[in-house]
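Observations on the model geometry
What follows is each chain in one-letter form.
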Amino acid sequence: MKAIKIQLWYGLLLLGILLGLITAYRVLIGTGFVLYAKTDILVWTMPIAAYVFFSLTSSGLAFVSSIPVVFGIKRYQPIEKRTAFLEIAVLFAAFTCLLLHLGSPQKVYYYLFSPNLASPLWWLGMLYGLYLIVLLLSFRKMHKAQVSKGLGVFTLIVAIATSTALGWLFGLPDARPVFSANFLAMYFPLTGFGSALAAVLLFSLAYHHFAKVPLSGGDRNLYEDLGKLFGFVMALTLVFFLWRTIVGGTSATAVEFGGFRHMLSSGWYHLALWVGLVIPILMITMPAVRNATWGKITAAALFLVGMFAGRLEMVLSGLVMPTGPKAEGQPPFVSYWPTIWEVLVFVSALAVLLFVYTLGERNLKLSEAPE
Amino acid sequence: MPKYAMVIDLQRCVGCGACSIACRNENNVPDGIYWSNKITETAGTFPNVRFHYLPTLCNHCSDAPCVEGCPTKAMHKLDNGITMHDPDKCIGCRYCQYNCPYEVIYFNWQDPHKFWRNPKPVIEGGTSSPKEMAQTVNNGNGAPYSNPGRGKTLPENRPKGVVEKCTFCDHRIKVGEIPYCVEACPADARIFGDLDKPDSKVNRLLGKFKPYRLKERLGTEPNVYYIRSFNPAHYQRTKGGI
């Protein structure tokens, strides 16, 4: 019975990956990017939002896995290996989204042959390439004394660089002040950390449930600890979220903030605020809910859903208001709803993540901790 | 080395759009993409209203944000100041579109001139198909009216998955000709020349009138300048009132 369930699970994930391959064929070789709801106004949409979501979660996971190895907080060791492997799986999901966003991904070798060192996008590409190599190396050398610590420190540094460079990337254009590099360079790592804590809670507790491994006393203490930390990070995220709303949405008078003001009434914004922040924070503040497995799982899942909506809202905020010649014949704000192909980008990325993770969970003893 | 710039005299511009049509013909610009474009605006409250027309194109900024952001140097500056794009190096990330404050860069979301690949006749049994027409007239290369001259410095038709934009007709400049939008303007509202020649036509105009450039506060140093404005209206001298 268990074997059938596992086969069904793999089948489902392979179907998701197949849908991604079909999407890649349709957009890159067949019909083209008209299959996405992108236009020359909305040049970045759900695939990029999904990329930001996954890549920042991966960086955040590096922060979590660094807690025992870099900062020496030993009680986090039981989740170290799972977290480190999740970083890799989530990064594969991010790369899937990026691959399905690029118009000509077959030419990415120009990153090496024609580098532009002034471009944040070049740095980000290089850093994420390096990040993947370091992650694979540090996972291989995990729990091997000195090497492990050195690689852990290096992973943390690269993860800080990637998550902050993403803020630089969005904040580069002076013409889009709604994306402030100063703000995003703090907000991205923080929210990445929050997403990572949610993912660790979700995947670790799911492991205990599906593998029928009962929680030990030490496990319970660890997850309660993680739950509190998660609550603190969510509260901090809410503070940043509200200040972003006040500064860019209600105080700023510049025309360029019009897109963000418009997005304040969108479903994506409210999903991010209420479902992604307010409800899970309220849940986590209640000790009975916080200490229950279902409470932590629900709060983590809600936060991740809200965070994804928030990434999309943020990307759209700088783009929904057409300006210059592209505003000709357009309404003051263009609307956006993803096409099925854009949804498939996310679905296939999620399938890649879960496929890689399942392989790891079944073959790499992710619950292992050093003696 | 020359530093090319364009002056657009808004008093001469009649808003006919000949620049945009000429550009489209010269550069084989596909549907939905505009190397040469316009910003129009209706100002005032009825019955006191006025229509404004501003021709736009790539500003070939000296400090171009699209060039700074391009990870593979597909978007790059030529020595003569032209902001050029190399589709061979373009990975289609669209970061240049995101960075450009002037919204003058477009992406090829699908194969260009797709209409001309349709094998279905426009009228069954009555006309040939668009594909046959393109095959007969232009060997199936894009559209029947494709200009092979464009292919000297860029692919004649840019492929799906890369961006494209105005190049100041660099292929014409190479052979000593001015950009085709300038050539085609019936009102001589576009004046093209070299800023490094103190006595060039563009420098004379920039010295004679008070020029302005779009979004100068961003510090991108555009090389498309606007002078004067067309306004035949007059009004009786007044101090207003309460």
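Anything mentioned here points back to the structure above.
Next up on the list: the layout of surface pockets. Gaps left between atoms are located by rolling a probe of water-molecule size over the structure's atoms. All names here are of chain A. Of the pockets and cavities examined, the largest pocket occupies roughly 1300 Å³. Around the largest pocket, the lining is made up of 34 residues, and of these Trp9, Ala206, Phe210, Tyr357 and Thr358 lie nearest the centre. Elements with a contribution of two residues or more to the lining of the largest pocket: helix H1 (2–29), helix H2 (46–69), helix H7 (181–210), helix H10 (267–285), helix H12 (293–317) and helix H13 (340–363). Looking at the lining of the largest pocket, the element that brings in the most residues is H13, giving 8 residues. For the lining of the largest pocket, the class distribution of residues is 26 nonpolar, 3 polar and 5 charged.

What follows concerns the side chain of His60 of chain B. Residue and element names in this part refer to chain B. Secondary-structure assignment places His60 in the loop between strand E3 (48–56) and helix H2 (65–69). Look at His60 and you get buried, because its relative accessible area is 0%. If we ignore the near neighbours within four places in the chain, the residues touching His60 are Lys77, Gly81, Ile82, Thr83, Lys165, Cys166, Thr167, Phe168 and Asn223.

Residues and elements named next belong to chain B. Taken in spatial order, the 3 strands make up an open sheet running E8-E1-E9, and their pairing is mixed. Of all the strands in the sheet, just strand E8 (190–194) and strand E9 (224–227) have a single pairing partner and so form its edges. Pairs of neighbouring strands in the sheet enclose a mean axial angle of 25 degrees, with direction left out of account. Alignment of strand E1 (residues 4–9) against E9, held across 4 bridges, turns out to be parallel. Counterpart to Met6 in the pairing with E9 is Val224.

Residue and element names in this part refer to chain B. Taken together, the buried positions of helix H4 (residues 130–138) are Pro130, Ala134 and Asn138. Down the axis of H4, the buried set is contained in an arc of 40 degrees. They therefore lie on one face. Directly after H4, the chain includes Asn139, whose backbone phi takes a positive value near 55 degrees.

Thresholds, definitions, all that
- Residues numbered from 1 in each chain as written.
- Chains lettered and ligands numbered in written order.
- Predicted model: local features only at pLDDT ≥ 70, side-chain atom pairs only at ≥ 80, totals over all residues.
- Heavy atoms only, no water.
- 1 Å grid on protein atoms, 1.4 Å probe; cavity = no way out; pocket = protein on both sides within 12 Å on 5 of 7 lines; lining within 4 Å.
- Points joined across faces, edges and corners; volume = space filled by probe spheres on them.
- Helix = DSSP H or I, 4+ residues; strand = E, 2+ residues; numbered from the N terminus.
- Nonpolar A, V, L, I, M, F, W, Y, C, P; charged D, E, K, R; others polar.
- Buried < 20%, exposed > 50% of the residue type's maximum accessible area, 1.4 Å probe, protein only.
- Contact = heavy atoms within 4.5 Å.
- Pairing = 2+ DSSP bridges.
- Axes fitted to C-alpha atoms, helices over the stretch in contact; angles between N-to-C directions.
- Arc of directions from axis to C-beta.

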